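Architecture at a glance
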Amino acid sequence: MELFYAPMACSLASHITLREAGIDATLTRVALATKTTASGADYLAVAPKGQVPALRLDDGSVLTENAAVLQYLADREPARGLLSPVGTRERYAVLEWLSFLGSEVHKAGLAPQFNPEAPPEAKAWARTLLDRKLAYVAEAIGERAFVVGDGFTIADAYLTWALNLCTLVGVALPAPLERYLAAMTARPAVQAAIAKERGA
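Residues numbered from 1 in each chain as written. Predicted model: local features only at pLDDT ≥ 70, side-chain atom pairs only at ≥ 80, totals over all residues. Heavy atoms only, no water.

The next point concerns the layout of surface pockets. By volume, the largest pocket amounts to about 660 Å³. Lining the largest pocket are 26 residues, with Ala9, Cys10, Leu32, His106 and Lys107 positioned closest to its centre. At the level of elements, helix H2 (66-76), helix H3 (89-114) and helix H5 (154-168) are the ones that each hand at least two residues to the lining of the largest pocket. Top contributing element to the lining of the largest pocket by residue count: H3, with six residues. (1 Å grid on protein atoms, 1.4 Å probe; cavity = no way out; pocket = protein on both sides within 12 Å on 5 of 7 lines; lining within 4 Å. Points joined across faces, edges and corners; volume = space filled by probe spheres on them. Helix = DSSP H or I, 4+ residues; strand = E, 2+ residues; numbered from the N terminus.)

Following this line, the structure appears as structure tokens:
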């Protein structure tokens, strides 16, 4: 397998999941501004949407969209418990969180902060929305160690990326999320993925 990623983009969630699952894969860096890979290849030939993550499977096909890639990776190593089996309530709780994080936190709250075409008013509105969504997440998590259940899941990988990005743009996290993020970034797989993406 080959994971196409951009440093500290939402593909970090897939990168973390790869490491948490113990899956060996080639990591290929993408420059989103130019849509080229580190070797200079045309990334649009791999993923016409031009976004990360993209996962090239062993049969040569390419899977895109963060939620789909996360689920695929988790299902490759079910014993790791990153996503409960089909039919379990826990699985759908994780998928509910993936949907919320993807639409409300990622696309509605965070994406406008990095969009050079977004007017200041849109950025301000998105920031207000982001603060409300983070308050909800903080209340929902409370003192729990993980988003769902008693172990790390792909919902934790996605939330860890989002909270890391919040800190990079100066968003103050509610206390429960500060505690949660500190615990997540202490995990070896998370540390290794971040170090790789930051060039350490």
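Text resumes after the structure shown.
Before going further, it helps to examine the side chain of threonine 64. Structurally, the position occupied by threonine 64 is in strand S5 (residues 62-64). Within polar-contact distance, the side chain of threonine 64 engages the side chain of lysine 49 at 3.0 Å. Apart from the residues lying within four places of it in its own chain, the contact partners of threonine 64 are Ala47, Lys49, Pro53, Ala54 and Val69. (Polar contact = N/O pair within 3.5 Å; in protein donor to acceptor, adjacent residues only side chain to side chain. Contact = heavy atoms within 4.5 Å.)

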